[in-house]
Amino acid sequence: MTTRTPLMAGNWKMNLDYKQGLSLVEDLGDALKGGDTDAVEVAVIPPFVDIRTVQTAIDANKYPIAYGAQDLSEHIGTGAYTGEVSGEMLTALGCTYVLVGHSERRQYHGEDENITNAKVKAAIAVGLTPILCVGEGLDERKAGKQVEYTLAQLEGGLEGLSNEDAGRVVIAYEPVWAIGTGEVATPEDAQEVCGAIRDALGGLFDDEVKETVRVLYGGSVKSSNVGEIMAKDDVDGALVGGASLKADEFAKIALYQ
Ligand code: PEP
């Protein structure tokens, strides 16, 4: 059986300037001390403008924390794309991860499957690991269409990838109705869709992809509920928003204490 190292990633969204980000990453580094950080991968996903500061603090203190960005341009290389940040710029800053297709990007910036697919490919092209976010809204959940809807986003986001490239992606299942609402999916809800994602990966790609790709759950994860969610077979980590802005709480989540 394949063992997948859990990934516990904190999405800071549009919070914390670089000074506040520095305090948070230092406090998080301290809070993780003494914990078993060999057994999990902990990552922070700050706003673009904080990344250089976060990088410097992590490198200087050898914190066991990876980091990434919340978005990237679908354009590769350089060019006249005002306001865009390329994947190459992120790898130059030592980023490991980049979120793609977060529901807030889909909702407020009209990102559809074509864009998420292009961004997944742009990330892979420069060696970043895309965390492709998928998940249904309340209407689809009420209609019992959560699996169908989420798998359509998954297929669209991964279209055209080779087995090798698909094996480098992380998937985050984030039911939109549970993001920032305090409404957490039950562990069984999370398992239902995360398991369906894994099965779908097996249909779209080879068995190695199915067994090795990490599928995270996101949506109002806290230290009080992370343990039961992480106990589910097909949940390999968490994407955490609000609760990742408090160092002690995020450290507890990351170590699932
Ligand atoms: C998120 O934005 O990815 C998220 C899961 O947010 P929250 O934990 O605040 O629900």
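The rules behind these values
Residues numbered from 1 in each chain as written. Predicted model: local features only at pLDDT ≥ 70, side-chain atom pairs only at ≥ 80, totals over all residues. Near = placed C-beta within 6 Å. Nonpolar A, V, L, I, M, F, W, Y, C, P; charged D, E, K, R; others polar. Helix = DSSP H or I, 4+ residues; strand = E, 2+ residues; numbered from the N terminus. Contact = placed C-beta atoms within 7 Å. Core = buried A, V, L, I, M, F, W, Y, C linked by C-beta atoms within 7 Å. Buried ≥ 20, exposed ≤ 12 C-beta atoms within 10 Å, placed from the backbone. UniProt positions renumbered as here; feature names shortened; annotations may be inferred.

Residues in contact with the ligand amount to 13 residues; listed here are only the nearest, Ile 179, Gly 180, Gly 218, Gly 241 and Gly 242. Tallied by class, residues from the shell around the ligand come to 5 nonpolar, 7 polar and 1 charged.

Our focus in this paragraph is the environment of Val 120. Mapping Val 120 onto the fold places it in helix 5 (residues 113–125). Expressed as a C-alpha distance, the spacing of Val 120 and Gly 137, which sit 17 residues apart in the sequence, is 22 Å. Excluding residues within four positions of it along the chain, Val 120 makes contact with Val 100, Pro 130, Leu 132, Gly 157, Leu 158 and Val 169.

On to the nonpolar core, then. Ranked by size, the top nonpolar core spans 73 residues in total, and within it Val 98, Ile 131, Ile 171, Tyr 173, Leu 216 and Ala 238 carry the most contacts. Residue contributions to this core peak at 5 residues, all from helix 9 (residues 187–204). With sequence-adjacent residues up to four places away left out, Ala 238 is seen in contact with Met 8, Leu 216, Tyr 217, Gly 218, Val 221, Val 226, Ile 229 and Ile 253.

With that out of the way, let us pick up unusual backbone geometry. A positive phi angle, close to 75 degrees, is found at Leu 16, a residue other than glycine. By the element assignment, Leu 16 lies in the loop between strand 1 (7–11) and helix 1 (18–32). In the Ramachandran plot, Ser 220 falls in the positive-phi region, its phi being about 55 degrees despite a non-glycine side chain. With respect to the helices and strands, Ser 220 occurs in the loop between strand 7 (215–218) and helix 11 (223–230). The class of Ser 220 is buried, set by 20 C-beta atoms lying within 10 Å.

Attention now goes to the UniProt feature "active site" (unreviewed entry) in the chain. Residues given the UniProt feature "active site" (unreviewed entry) here are His 102 and Glu 174. A compact arrangement is adopted by the annotated residues: their sequence extent is 73 residues, whereas the largest C-alpha distance between any two is 8.5 Å. Along the chain, His 102 falls in the loop between strand 4 (97–100) and helix 4 (103–109). Classification of His 102 as buried rests on a count of 28 C-beta atoms within 10 Å. Once residues within four sequence positions are removed from consideration, His 102 is found in contact with Gln 70 and Cys 133. Structurally, Glu 174 is set in the loop between strand 6 (170–173) and helix 9.

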